[in-house]
Amino acid sequence: MSTAAIPGAPLPVRTPGSRARGRHRRPERPEVPVGSPALVLAVPADAGPESRPVVDELLSIVRSEQPGIEAAAAYLAVGESAPEAVTVAALLAEATNAGYPAPVVVPLLTGPHGRLGELAEVAAAAGSPVTDALGPHPLLAEAVHVRLSEAGLARADRARLFAITTAADGIVLTVVGGEEAATAAGITGVLLAARLAVPVVAAALDVPGSVVAAVEHLRATGSQRPALAPLVIGPEADPELLATAAEETGCPSAAPLGAYPTVGQLIAGIYMAELPPAPAPVEEPVEDKPAG
């Protein structure tokens, strides 16, 4: 279980690993150019004690992925329960008033969401670009796979042929954002199905009857042990929706993605893709030496 799921648990200290040597070493990460705009991780939810640990840990992962990056989190709304949090509008206005380059806004979402329009309006007013959501992407399929394995609902590695009697033989990938989000999640579902070798369908938690219908479809096509796999990071999904889906279907469910490392990698990668390409280094002319 991730420490982000344990209330009051301290955040882990992330230390860089040793650099591999030889022909198979990891490629060098691109550096953040000097003077680059900051990254604003926009959380499409109200700030609260439940969301802060996940968001803070993701920022830690982003900074470890891209040393030198200026990154901060902001929310669409801030209540009395989170006095230290800041809204997206306030953070962007602060950057503009201080004369900094317009920050790059990355939504903390795996796909389409109803509050993306609100976020786009706030960013446009400050002249800040807004990137696409994090998905669909193979790294999200990896994260869902790991959460399923942590819950005992899938093998951690298909190459290991040990039996898991509780392993699911069908997966409902649950999302928030309506039918549009469920359709977009279908690509990640295909990637997940390839990893698990079981059928995967997507359903919207915020569309009444959607998850139940998806489970019934799996059962009608031969699945005897369907399970739910949230394709949500956490703050954007009402916990009651997740609990209700499990109760109505009678299916076990994995945990949300939370601060799984690949989520932080995606955030860093999307930000870097928004930056202009670094100028090519200027080579100084070589002077001819006089003959001796």
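Please refer to the structure placed before this passage.
In what follows, the accompanying structure is described. Bear in mind that the values here come from a model prediction, so they are computed numbers and not experimental data.

### Observations regarding the overall build of the protein
Part 1 of the reasoning: On a plain count of helices and strands, the protein comes out with eight helices and six strands.
Part 2 of the reasoning: In sequence order, the secondary structure elements of the protein are arranged as β-α-β-α-β-α-α-β-α-β-α-β-α-α.
Part 3 of the reasoning: Within the protein, the fraction of its 292 residues that count as buried is 42%.
Part 4 of the reasoning: Across the protein, contacts joining residues at least 24 apart in sequence account for 76% of those joining residues at least 6 apart.
Part 5 of the reasoning: Counting only carbon and sulfur atoms, one obtains 55% of the accessible surface of the protein, whose full area is about 15,800 Å².

### What to know about the sheet that holds strand 3 (residues 104-107)
Part 1 of the reasoning: One open sheet holds the three strands; their spatial order is 2-1-3, and the pairing between them is parallel. Of all the strands in the sheet, just strand 2 (71-78) and strand 3 have a single pairing partner and so form its edges. Adjacent strand axes in the sheet meet at a mean angle of 35°, parallel and antiparallel pairs treated alike.
Part 2 of the reasoning: As judged from the four bridges shared by strand 1 (residues 39-47) and strand 3, these two strands associate in the parallel manner. From the neighbouring strand, L41 faces strand 3, where its bridge partner is V106.
Part 3 of the reasoning: Strands strand 1 and strand 3 of the sheet are contacted by helix 8 (residues 261-274), whose axis makes an angle of about 145° with strand 3.

### Considerations on the environment of V104
Part 1 of the reasoning: Counting through the fold element by element, V104 comes out in strand 3.
Part 2 of the reasoning: Residues V104 and E274, spaced 170 residues apart in sequence, show a C-alpha to C-alpha distance of 7.5 Å.
Part 3 of the reasoning: Excluding its chain neighbours within four sequence positions, the residues that come into contact with V104 are P37, A38, L39, V40, P129, T131, Y271 and E274.

### Some thoughts on the pattern of salt bridges
Between side chains of opposite charge, pairing is possible as soon as their charged atoms come close.
Part 1 of the reasoning: This model, assessed by the stated rule, comprises two salt bridges.
Part 2 of the reasoning: Its salt-bridge partner being R147, residue E150 comes within 3.0 Å of it at the nearest N-O pair. Here the residue E150 and the residue R147 both occupy positions in helix 4 (residues 138-150), the gap between them amounting to three residues, near one helical turn.
Part 3 of the reasoning: By relative accessible area, E150 is classed as partly exposed at 45%.

### Thoughts on the packing of helix 4 against helix 8
Part 1 of the reasoning: Two numbers describe how helix 4 lies on helix 8: the axes approach to 9 Å, and their chain directions differ by 165°. Classified by the angle their axes make, helix 4 and helix 8 are roughly antiparallel. Note on packing geometry: the crossing formed by helix 4 with helix 8 is left-handed. Within the contact between the two elements, helix 4 uses L139, L140, E142 and A143 and helix 8 uses T262, Q265 and L266.
Part 2 of the reasoning: Here the residues of the contact of helix 4 with helix 8 sort into four nonpolar, two polar and one charged.

### A look at the pairing of strand 6 (residues 226-230)
Part 1 of the reasoning: In terms of residue burial, strand 6 counts as a mostly covered element, since five of its five residues are buried.
Part 2 of the reasoning: The side-chain alternation of strand 6 yields two buried faces, one formed by P226, L228 and P230 and the other by A227 and A229.
Part 3 of the reasoning: In the sheet, strand 4 (residues 170-175) pairs with strand 6 via five bridges, with the strands oriented parallel. Counterpart to L173 in the pairing with strand 6 is A229.

### Side note on the environment of A246
Part 1 of the reasoning: For A246, the position within the fold is in helix 7 (residues 239-249).
Part 2 of the reasoning: For A246, a relative accessible area of 22% puts it in the partly exposed group.
Part 3 of the reasoning: Non-local contacts of A246, meaning those with residues more than four positions away in its chain, are made with L228 and C251.

### Remarks on the sheet that holds strand 4
Part 1 of the reasoning: Taken together, the three strands give an open sheet; going across it, the order is 5-4-6, and neighbouring strands pair in parallel fashion. At either end of the open sheet lies a strand with only one pairing partner, and these are strand 5 (200-204) and strand 6. Across the sheet, the axes of successive neighbouring strands diverge by a mean angle of 30°, strand direction being ignored.
Part 2 of the reasoning: On top of the sheet, helix 4 reaches strand 4 and strand 6; it is set at about 130° to strand 6, its chief contact.
Part 3 of the reasoning: Against the sheet, helix 6 (residues 210-220) makes contact with strand 4, strand 5 and strand 6, and its axis sits at roughly 160° relative to strand 5, the strand it touches most.

### Considering unusual backbone geometry
Part 1 of the reasoning: Across the junction of G135 and P136, the peptide omega takes the value 0°, indicating a cis bond.
Part 2 of the reasoning: Its location among the elements puts P136 in the loop between helix 3 (116-126) and helix 4.
Part 3 of the reasoning: Phi is positive for A197, which is not a glycine, with a value near 60°.
Part 4 of the reasoning: By the secondary structure assignment, A197 is in the loop between helix 5 (178-196) and strand 5.
Part 5 of the reasoning: Owing to a relative accessible area of 52%, A197 belongs among the exposed residues under this scheme.

Cut-offs used in this document
Residues numbered from 1 in each chain as written. Predicted model: local features only at pLDDT ≥ 70, side-chain atom pairs only at ≥ 80, totals over all residues. Heavy atoms only, no water. Helix = DSSP H or I, 4+ residues; strand = E, 2+ residues; numbered from the N terminus. Buried < 20%, exposed > 50% of the residue type's maximum accessible area, 1.4 Å probe, protein only. Contact = heavy atoms within 4.5 Å. Areas by Shrake-Rupley, 256 points an atom, 1.4 Å probe, with all protein chains shown as cover. Pairing = 2+ DSSP bridges. Axes fitted to C-alpha atoms, helices over the stretch in contact; angles between N-to-C directions. Salt bridge = Lys/Arg side-chain N within 4 Å of Asp/Glu carboxyl O. Parallel < 35°, antiparallel > 145°, perpendicular 65-115°, else oblique. Left-handed = near helix turned anticlockwise from the far one by under 90°. Nonpolar A, V, L, I, M, F, W, Y, C, P; charged D, E, K, R; others polar.

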